[in-house]
Amino acid sequence: MENLIEKFLGFLQNEKKLTKNTLESYKRDINNFIQFLNEKELTVINCENDAINDYIKKLEGEAKTPSTISRHIASLRSFYQYLYDNRLVKNNPTKGVETPKIVRKEPAILSNTQVELLLEQPKSVDLKGIRDKAMLELVYATGIRVTELINLDINDIDFENACVRCVGPHNKERIIPIGNIAIKALKDYIENARNYLIKTESTKSLFVNISGKRLTRQGFWKIIKYYQEQANIDVDITPHTLRHSFAVHLLENGADIDVIQEMLGHTDKTSTQVYAAMTQNRLKDIYNKTHPRA
């Protein structure tokens, strides 16, 4: 069975060009399902539609969110479609399985004042503060994803043209401009902190931890939480919050939605249009609160 999973993951990596994190997610979902089948004394090959539905009920009983359950179902659909296409199963038991409805919540957005307050927290008095300042400024200046941030190499920053090269999902590359404040913070980090944090001159990683290794997603998440507490901001800030704020603040200041879509690396425009709807709602809210005849 492990051989089947590895072949499937290899197919996703080679044909679909999925990222390492996405592949790990597929692997976890499929292994969890196989463990469920083992408990039912079933196998992937003889699994029927009823077993899929029972598995969904199990996930619901574990209080999994609709989005998590939908991801599990999507993983199994892809897995069984691969098995069916390669004639390893006679039927695809995921056909007809209903995906739970997902109620999409508007992403949390920081106000301009909250962004300023958060970005003021890292102090350029030590190596960590200089590094953290550069990271936070860069994320808000470009709207890049946390995975894209930690995967940056030092050569991905083009100081001459004030832009960053990053690689998003499906290995799609894009070039994003960087503002003056973020450029200044990056220069400060590279000149006055990074050289003291890395252990060898051959290190390519742009952002490293105190051990000189590439910073992790978890490491950046802890950094965000630390400065949220320091700033005493009551919004639950995640690495994605700065990305959302980047998009909404650009729209509020007149940026074209197609340009924002390109900078965010969205393949589907509907993902970007969420921010346009949020901007309209925020404007209406401000109007209703401030206009004397609203």
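Residues numbered from 1 in each chain as written. Predicted model: local features only at pLDDT ≥ 70, side-chain atom pairs only at ≥ 80, totals over all residues. Heavy atoms only, no water.

Enquirer: It is not clear to me how the overall build of the protein should be interpreted in this structure. Could you clarify?
Expert: On a plain count of helices and strands, the protein comes out with 12 helices and three strands. Expressed along its principal axes, the backbone C-alpha trace of the protein runs to roughly 65 × 60 × 35 Å. For the protein, the proportion of its 294 residues judged to be buried stands at 43%. Considering only contacts in the protein between residues 6 or more positions apart, those separated by 24 or more positions represent 58%. Just so you have it, the protein exposes about 17,300 Å², and 47% of that area is on carbon and sulfur atoms. (Helix = DSSP H or I, 4+ residues; strand = E, 2+ residues; numbered from the N terminus. Buried < 20%, exposed > 50% of the residue type's maximum accessible area, 1.4 Å probe, protein only. Contact = heavy atoms within 4.5 Å. Areas by Shrake-Rupley, 256 points an atom, 1.4 Å probe, with all protein chains shown as cover.)

Enquirer: Got a minute to help me understand the state of the cysteines in this structure?
Expert: Two cysteines form a disulfide when their sulfur atoms are joined by a covalent bond. Under the counting rule described, the total for this entry stands at zero disulfides. Cysteine 163 carries a free sulfur, and the closest cysteine sulfur to it, the one in cysteine 166, is 11 Å from it. A residue is classified by how much of its surface remains accessible, and cysteine 163, at 14% relative accessible area, is buried. (Disulfide = S-S within 2.5 Å.)

Enquirer: Even after reading the chapter, I still don't get the nonpolar core, so can you show me in this structure?
Expert: For soluble globular proteins, the rule of thumb is that nonpolar side chains tend to be buried together. Counting residues in each nonpolar core, the largest one holds 53 residues, and the members touching the most others are Leu149, Tyr189, Phe207 and Phe220. At eight residues, helix α8 (residues 180-197) tops the list of elements feeding residues into this core. In this view, phenylalanine 220 contacts Met135, Leu136, Val139, Val146, Leu149, Leu215 and Pro239; residues no more than four positions away in its chain are not counted. Within the second largest apolar cluster, 29 residues are counted, among which are Leu4, Phe33, Leu59 and Ile69. (Core = buried A, V, L, I, M, F, W, Y, C linked by side-chain atoms within 4.5 Å.)

Enquirer: So what exactly am I meant to see when it comes to the pattern of salt bridges here?
Expert: Pairs may arise between side chains of opposite charge once their charged atoms sit close together. Considering all chains together, one arrives at 12 salt bridges under this definition. For aspartate 236, the salt bridge goes to lysine 225, with nearest N and O atoms at 2.4 Å. Highlighted residues: aspartate 236 in the loop between α9 (217-231) and α10 (239-252) and lysine 225 in helix α9, separated in sequence by 11 residues. Given the relative accessible area of 16%, lysine 225 is considered buried. One network of salt bridges, with partners in common, ties together Lys128, Arg131 and Asp132. (Salt bridge = Lys/Arg side-chain N within 4 Å of Asp/Glu carboxyl O.)

Enquirer: Whenever I open this one, the pairing of strand β2 (residues 163-167) confuses me. Can you help?
Expert: Pairing geometry for strand β1 (residues 157-158) and β2, over two bridges, is antiparallel. Directly across from aspartate 158, in β2, lies its bridge partner cysteine 163. Between β1 and β2, which pair antiparallel one after the other, the connecting turn spans four residues, and alanine 162 there sits at a positive phi close to 55 degrees. Bridge analysis of β2 against strand β3 (residues 173-177) gives five bridges, and the strand direction is antiparallel. If you follow arginine 165 over to β3, its bridge partner there is isoleucine 175. Adjacent in sequence and paired antiparallel, β2 and β3 are bridged by five residues, among which histidine 170 carries a positive phi angle near 60 degrees. (Pairing = 2+ DSSP bridges.)

Enquirer: Can you walk me through the side chain of serine 75 in this structure?
Expert: Structurally, serine 75 is set in helix α4 (residues 66-85). In contact with serine 75, other than residues within four places in its own chain, are Tyr26 and Asp29.

Enquirer: Is there a simple way to explain the sheet that holds β1 in this structure?
Expert: Sheet strands line up and pair through hydrogen bonds in the backbone, either parallel or antiparallel. Spatially, β1-β2-β3 is the arrangement adopted by the three strands of the open sheet, whose pairing is antiparallel. Strands with a single pairing partner mark the edges of an open sheet, and in this sheet they are β1 and β3.

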